[in-house]
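Now for the letters of each chain:
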Amino acid sequence: MAAAFTPELARRIVELRADPALQAFIDDLADKANLGTLTPEEERAYKSCIEAADIIGVMQAKARRFLAGHPDKNG
């Protein structure tokens, strides 16, 4: 995967964050999960969010590693 990175793409991946509405939805699901009150549908959605966050986290780690090995030549 790192072979496909450019410095610009790697920086964009590192900067990825959920938008406020999505983050609020995830936070709500997390609260319900902690309370044990998730519906089956919410549990599936929460598990999907966790899996997506794990994948994004791995991509961000690889992007950070790429950037560490390719210092910005523009300054």
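Residues numbered from 1 in each chain as written. Predicted model: local features only at pLDDT ≥ 70, side-chain atom pairs only at ≥ 80, totals over all residues. Heavy atoms only, no water.

Things to note about the layout of surface pockets
Space inside the largest pocket adds up to approximately 290 Å³. Those elements that provide at least two residues to the lining of the largest pocket are α2 (20–35) and α3 (40–69). Sorting elements by how many residues they give to the lining of the largest pocket places α3 first, with 7 residues. Across the lining of the largest pocket, the residue classes break down as 10 nonpolar, 2 polar and 1 charged. (1 Å grid on protein atoms, 1.4 Å probe; cavity = no way out; pocket = protein on both sides within 12 Å on 5 of 7 lines; lining within 4 Å. Points joined across faces, edges and corners; volume = space filled by probe spheres on them. Helix = DSSP H or I, 4+ residues; strand = E, 2+ residues; numbered from the N terminus. Nonpolar A, V, L, I, M, F, W, Y, C, P; charged D, E, K, R; others polar.)

Focus on the confidence of the model for the protein
Counting all residues, the mean pLDDT for the protein is 92, and 93% of those residues have values of 70 or more. At the low end of the mean pLDDT range in the protein sits helix α1 (residues 7–14), at 95; at the high end sits α2, at 97. (pLDDT = per-residue confidence, 0-100.)

Observations regarding the pattern of salt bridges
This structure, assessed with the given rule, holds 4 salt bridges. The salt bridge partner of Lys32 is Asp28, with a shortest N-O separation of 3.9 Å. Of this pair, Lys32 and Asp28 both sit in helix α2, 4 residues apart, roughly one helical turn. Taking relative accessible area as the criterion, Asp28 reaches 36% and is therefore assigned partly exposed. Assessed through its relative accessible area of 24%, Lys32 is described here as partly exposed. Each member of the salt-bridge network shares a partner with another, and the members are Asp28, Lys32 and Glu42. (Salt bridge = Lys/Arg side-chain N within 4 Å of Asp/Glu carboxyl O. Buried < 20%, exposed > 50% of the residue type's maximum accessible area, 1.4 Å probe, protein only.)

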